[in-house]
Structure formats: structure tokens, C-alpha cells
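Listed here are the chains, written in short residue letters.
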Amino acid sequence: MLRSIHVDEITKAVERLCMEANYDLGEDVLSKFKENLEKEESPLGCEVYERLIENAKIAHEERVPMCQDTGMTVIFVEVGQDLHIQGGSLEEAINKGVALGYTNGYLRKSMVRDPFERENTGDNTPAIIHYEVVPGDTLKITVAPKGAGSENMGALKMCKPSEGLEGVIQFVVDTVDQAGGNPCPPIIVGVGVGGSMEKATYLAKKSLLRQAGEPHKEERLADIEREILRRVNNLGIGPQGFGGTTTALAVHLEVYPTHIASLPVAVNIQCHAARHKEIVLKGTLTGEGE
Amino acid sequence: MGESIRIELPLTQEKVASLKAGDSVLLNGVLYTGRDAAHKKMVEALERGEELPFDVRDQVIYFVGPAPPKPGQVIGSAGPTTSGRMDAYSPKLIERGLTGMIGKGLRSHEVIDSMKKHGAVYFGAIGGTGALLAKRIVSAEVVAYPELGPEAIRKLEVKDFPVMVVIDKDGNNLYETGKAQYRKE
Ligand code: SF4
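For clarity, every value in this text was computed on a predicted model and none was experimentally measured.

Analysis parameters
Residues numbered from 1 in each chain as written. Chains lettered and ligands numbered in written order. Predicted model: local features only at pLDDT ≥ 70, side-chain atom pairs only at ≥ 80, totals over all residues. Helix = DSSP H or I, 4+ residues; strand = E, 2+ residues; numbered from the N terminus. Rg over C-alpha atoms; globule rule 2.2 N^0.38 Å. Buried ≥ 20, exposed ≤ 12 C-beta atoms within 10 Å, placed from the backbone. Contact = placed C-beta atoms within 7 Å. Domains from an automatic or database assignment. Nonpolar A, V, L, I, M, F, W, Y, C, P; charged D, E, K, R; others polar. Near = placed C-beta within 6 Å. Axes fitted to C-alpha atoms, helices over the stretch in contact; angles between N-to-C directions. Parallel < 35°, antiparallel > 145°, perpendicular 65-115°, else oblique. Left-handed = near helix turned anticlockwise from the far one by under 90°. Pairing = 2+ DSSP bridges. Right-handed = clockwise from strand over helix to strand, strands pointing away.

Caption draft 1: Structural context of the overall build of chain A. Across its full length, chain A carries 8 helices and 11 strands. For chain A, whose C-alpha radius of gyration is 20 Å, the value lies close to the compact-globule estimate of 19 Å for 290 residues. Within chain A, buried positions represent 48% of all 290 residues. Intrachain contacts of chain A at a sequence separation of at least 6 include 82% that bridge at least 24 residues.

In C-alpha cells form, the structure reads like this:
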């Protein structure tokens, strides 16, 4: 028996995920707001948290985007190696879903076709799609719209191995410091260390899919996350950059083996509109197969 | 947070002078939207010796590119965009009498110098609260550059639109003082 999914089902799922991601802030992020509201020492900072909570409620109840920058549509796809996709191209099906979601969901279209000519494509396509082939026969799709305010504040450094852990931490903290209020703090700091240049960047972005504040499973790395969070919050930037003791909600770190001569560090900053929604499609069993 | 100051627009020099960094303000009346593309067009018009599409004297520009309205809404979600991208253009408008800007994030020295010289205020709205802020906008009408879509210049009427004075006309900067106050080594 072989499992198969028709592209129309994929399009429909993506359309819905685009809307839900933009309307419904995750409970994990909301509970971080509430937790930090208790911790924040600046009265202006507390006011910001109250408004963020109210904003999320309005967006959810009225089915409108929490933020007008509904982002580039970043999509992570995990394709089971035993799955058969029928009826057309997977990539086209995904992009069709994005176009429908952004149009029918009254989301802002922010993609320009060419980085130099800068003409809007009109439907927020193409999406930025990352594929992974995994064991199994299901299809997991995560839609994670990413606004430019925070995306533009990311940075990459090819550190020297001799700079070590301290060099890595300092680079992350400096990157957040320079960003100030631009990426709409409170932020989540995604950090990717190791691999090659693009691998580090991919890890930094992918770390943002974790539940906000969920520590790394490895205690050693979770400790580093806590240390970076402490130092980032000591910067004083605070919610919206108005000053305060909570600049970040969380730090998520991912690592990967690297070259003997390399120590790449990528920082991907996620604003408080930390949007991602996922679905696992199971498809249907068809009679054919080996 | 303390009491908010209610301000009726237009933002005259007298009102500009009364605002201090850190003040929480509720704006009422008419303001205009504009972001990257509209600013570029306005400044290019000035360079060609042409008039601006609206008289900027005593006006406030809100750096925003709203989401499309749902049926029944006057405007879609409408929170501020990063102001730094307007830094190259803002001084030219401040020279012409613009007294207020609403955005989020840091401004350049050139902008702050121009604000001090001509008398202007930089307000911060809370970035990412577009759903909430849209509810304080009671009417919206495209008045220039409709071809720019979300980036067209809109005339907005706002009611109790919540902003914070981030940089006042004396150059006091909440981003610096706030950060310094809570920074720990
Ligand atoms: S940085 Fe995030 S919250 Fe701020 S305007 Fe952009 S998408 Fe919205």
C-alpha cells in the first residue's frame, strides 16, 4: 500500500495556515507576555505588554492580522520519503495556497519580484520554502510568516574557532544591542552555530519554530541559552526599545558539526509577532504500490 | 503608566514645544501615511521644484503600510514600520514644516538635528499592534500615489491614537535614556 496526497489538499491547508498564523498568536507566546509583564521593571514596558495582549485578542476575535506586516511567507516542509504527491507540482501547490491565503485572508502582500526592480508580485508569492525529506509517509507543513522589521536585524559572523563560546555569545549580544527597538522587542533570539554559512543561518531560523522559551534538550546548550538571555536582558533595551529589563522572551540555540577551521554564528531575530502554524497531512491509502 | 496627554491635530509649534520624551499621547484629528516609496516620490518632486501632494506644514506623517481592509473595516491592521528607512528623506520634509512623525525604531543624527532646528517630534507607536491601532482610525482615504498600493499616501482621521514621544524637539531620546536607566553590566 502507498499513501498519497493530492496537491489540492496541500493548497487548501497552506491557505488556512497563512490566515491562522497571522490571526492567532500562539499560547506559548501569550503566556511569555504574561510572565514578562510580572517581571518587567519599567512601567512603560508593562504598558507595552498589556497592549500586546490586547492586540492579540483583537486579532484572534476579529480574524484580522495581528501585525500589518504579514511577512514573507517562510514555509518548512517535511516530506515523508514513502509519500506520493499526485495531481501536480508540490511547489506550485504551496504557492497557490499562499496566494489564496493572502488574498482571501486580507493579508498584506509584501513580496517584490526582483530585488532591484522591486515590483510587487501582488499575492505575496513566491514563498520561501525549505524542504526536508524524512522517514515515513506523511507531509508536515509549517507556515511561519516573517516581517522585515525583525528579519532585517539578523546577522552572520564567521568567527575564528579561537573566539570560542565567549566570542559567539558576544556577537549575539552585540547584534541584539545594535538592533535596539527596530525589531519590535520583546524578541525571540534564534541562534545557529556550526555547519557552513547557510547551515548556521537555517538553524537560527528553524530554532524559532520551537515553543517560545522551550529550552534545548541538551542541558549544556540550554545553559548557554539562559546565559545569552540574561545578557540580552541586561542591555536595558526593553519592550519596544523604551527601556526595560525584558528585551527578549527567549533565546533558542541550535548547533551542528562544523569544519576544523570554522565557527559560523547566525542570529535570526524574531519579533513578538512570533507566528507559526503547522499541520501534518496523512493523505489516503491507495491500492497500488510495491 | 501615567496619564496620557490628548493632542488635537494639526501639530502646531506650540504643541510641539509642550511635548517631552517619555510622554504618552493620544492623537486626535487628521494625519497622513507614507513609507519608503511615497517618501522617495515626495522628495523627488521637491528636487524637481514641484509641490508636495499635500501641505506638510504642521502635519504628522505616520510610517505605515496597512493591510487591506476586510469588508466593513475602514482600514486593515495598521501598525508602524521601521523609521530608519525614512531617515534619508525626513529632513527634507521637516524643513518644509512637517512637525511630527510616527514610526518605530532608531533615527539618524541628521533627522534629530533637523527636528531640533525646525521643531518636530518623533512619536513611537507600538510596533506589531496593528489590529489594535486600526481600531483608532475612523476614516482613511488615498490622497496621492494610488499606484503604490499599501504604500500610497492616505489621509487618516484618528481618535485617541496612542503614541509615545520618543524624541522631542530638544533632542531628548527615550531610546537612549530608557536603555541607560535599565542597563546592567
Ligand atoms: S517586526 Fe514583527 S511585529 Fe514589528 S512590524 Fe515587523 S512583523 Fe510586525
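Caption draft 2: Spotlight on the domain arrangement of chain A. All names here are of chain A. Structurally, chain A comprises domain 1 (2-22 + 66-146 + 276-286) and domain 2 (149-270). Put simply, the middle of domain 1 and the middle of domain 2, counted by C-alpha atoms, are 27 Å apart. If you tally residues by element for the side of domain 1 that touches domain 2, the top one is strand β5 (residues 139-146), at 3 residues. Looking at the side of domain 1 that touches domain 2, its residues break down into 2 nonpolar, 3 polar and 2 charged.

Caption draft 3: Inspection of the site of the ligand at higher detail. The local shell around the ligand holds 13 residues, among which Gly147(A), Gly149(A), Cys184(A), Cys271(A) and Gly128(B) are the closest. Per-class residue counts for the shell around the ligand are 5 nonpolar, 7 polar and 1 charged.

Caption draft 4: Geometry of the packing of helix α2 (residues 27-39) of chain A against helix α3 (residues 43-62) of chain A. Residues and elements named next belong to chain A. Relative to each other, α2 and α3 sit at 155°, their axes nearing to 9 Å. In terms of orientation, α2 and α3 fall into the roughly antiparallel class. Where α2 crosses over α3, the handedness of that crossing is left-handed. Two secondary-structure elements touch here, α2 through Leu 30, Phe 33, Asn 36 and Leu 37 and α3 through Cys 46, Tyr 49, Leu 52, Ile 53 and Ala 56. Across the contact of α2 with α3, the residue classes tally to 8 nonpolar, 1 polar and no charged.

Caption draft 5: Summary view of the sheet that holds strand β1 (residues 2-6) of chain A. All names here are of chain A. Read from one edge of the open sheet, 3 strands run β3-β1-β11, paired in mixed fashion. Here the strands that pair on one side only, and so sit at the sheet edges, are β3 (83-86) and β11 (284-286). Sheet twist, expressed as the mean angle between neighbouring strand axes with direction ignored, is 45°. As judged from the 3 bridges shared by β1 and β11, these two strands associate in the antiparallel manner. Counterpart to Leu 2 in the pairing with β11 is Thr 286. Of the strands in this sheet, β1 and β3 touch helix α1 (residues 7-23), which is tilted by about 60° from β1.

Caption draft 6: The arrangement of the pairing of strand β1 (residues 5-8) of chain B in detail. Residue and element names in this part refer to chain B. Alignment of β1 against strand β2 (residues 24-33), held across 4 bridges, turns out to be parallel. Within β2, the position partnered with Ile 7 by the bridge is Leu 27. In this fold, β1 hands off to helix α1 (residues 13-18), which returns the chain to β2; that crossover is right-handed.

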